[in-house]
Structure formats: structure tokens, C-alpha cells
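The residues making up each chain are set out below.
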Amino acid sequence: MLISTIKSYFEGRKELFKGLFIESVEKEWTAYPVLHFSMASGKHMEKEQLERYLLTSIPTRWW
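Here the structure is a predicted model, which means the values were calculated and not measured.

## Section: the overall build of the protein chain
Phase 1: Secondary structure summary: the protein chain contains 3 helices and 0 strands in total.
Phase 2: For the protein chain, the N- to C-terminal ordering of α and β elements is α-α-α.
Phase 3: By sequence separation, contacts in the protein chain at least 24 residues apart represent 18% of the contacts at least 6 residues apart.
Phase 4: Carbon and sulfur atoms form 60% of the exposed surface of the protein chain, whose accessible area is close to 5,600 Å².

Put into C-alpha cells, the structure is as follows:
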């Protein structure tokens, strides 16, 4: 739940925070791109395998 809340905040989804403290203090609800991928399938990988996995998981437009 924490991660989905942070994701919604950075996506600029102000309507989800209606009535909460952050709605009153946040002036600019700027939407940012959010990368979200699971590390579950990489937990038993060696370092080199994990690096390859991460490079294939991140869209090329981000690096």
C-alpha cells in the first residue's frame, strides 16, 4: 500500500488525496513518470544475471 500511495503521489493523482493533509500543503501536482517492476523473479540470480534482468526490465527511453 505504501508503494502504491507514493506512486499515485508522483503520478500527480490529486483526487486520491482529497481531504488529506497533503492536499492542502501540495501546491503543484506535477505528474512524473514512475517505473514499477518486481524484483521477485531476480532474487536468486547472480550479480551479472541480475544486471541483465534489470537492463531488460527498464524501458530504453529512461537511460
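From this point on, the discussion continues.
## Here we look at the pattern of salt bridges
Phase 1: In the structure shown here, the tally under the stated rule is 3 salt bridges.
Phase 2: Across the salt bridge formed by lysine 7 and glutamate 11, the nearest N and O atoms sit 3.4 Å from each other.
Phase 3: Lysine 7 sits in the partly exposed class, given a relative accessible area of 29%.
Phase 4: On the basis of relative accessible area, glutamate 11 is assigned to the partly exposed category, the value being 27%.
Phase 5: In this structure, glutamate 15 engages arginine 13 in a salt bridge whose closest nitrogen and oxygen atoms are separated by 3.6 Å.
Phase 6: By relative accessible area, glutamate 15 is classed as exposed at 53%.

## Things to note about a nonpolar patch on the surface
Phase 1: Together, Leu2, Ile3, Ile6, Phe10, Tyr32 and Val34 make up a nonpolar patch on the protein surface, roughly 570 Å² of accessible area in all.
Phase 2: Exposure remark for isoleucine 6: the relative accessible area of 38% places this residue in the partly exposed category.

## Quick notes on the confidence of the model for the protein chain
Phase 1: Looking at the protein chain as a whole, the pLDDT averages 84, with 87% of positions reaching at least 70.
Phase 2: The secondary-structure element of the protein chain with the lowest mean pLDDT is helix α3 (residues 47-57), recorded at 83, while helix α2 (residues 21-25) shows the highest, at 93.

## Section: the packing of aromatic side chains
Phase 1: Following the criterion strictly, the structure yields 5 aromatic pairs and no others.
Phase 2: Ring geometry for tyrosine 9 and phenylalanine 10: centres 5.2 Å apart, planes at 80°, overall edge-to-face.
Phase 3: Given a relative accessible area of 24%, tyrosine 9 falls into the partly exposed group.
Phase 4: Taking relative accessible area as the criterion, phenylalanine 10 reaches 38% and is therefore assigned partly exposed.
Phase 5: Ring pairing ties together the aromatic residues Tyr9, Phe10, Phe17, Trp29 and Tyr32, which thus form one cluster.

Conventions we followed
- Residues numbered from 1 in each chain as written.
- Predicted model: local features only at pLDDT ≥ 70, side-chain atom pairs only at ≥ 80, totals over all residues.
- Heavy atoms only, no water.
- Helix = DSSP H or I, 4+ residues; strand = E, 2+ residues; numbered from the N terminus.
- Contact = heavy atoms within 4.5 Å.
- Areas by Shrake-Rupley, 256 points an atom, 1.4 Å probe, with all protein chains shown as cover.
- Salt bridge = Lys/Arg side-chain N within 4 Å of Asp/Glu carboxyl O.
- Buried < 20%, exposed > 50% of the residue type's maximum accessible area, 1.4 Å probe, protein only.
- Patch = residues over 30% accessible without salt bridge, like charges linked within 9 Å, V, L, I, M, F, W, Y side chains within 5 Å.
- pLDDT = per-residue confidence, 0-100.
- Phe/Tyr/Trp six-rings, centres within 6.5 Å; stacked < 30°, edge-to-face > 60°.

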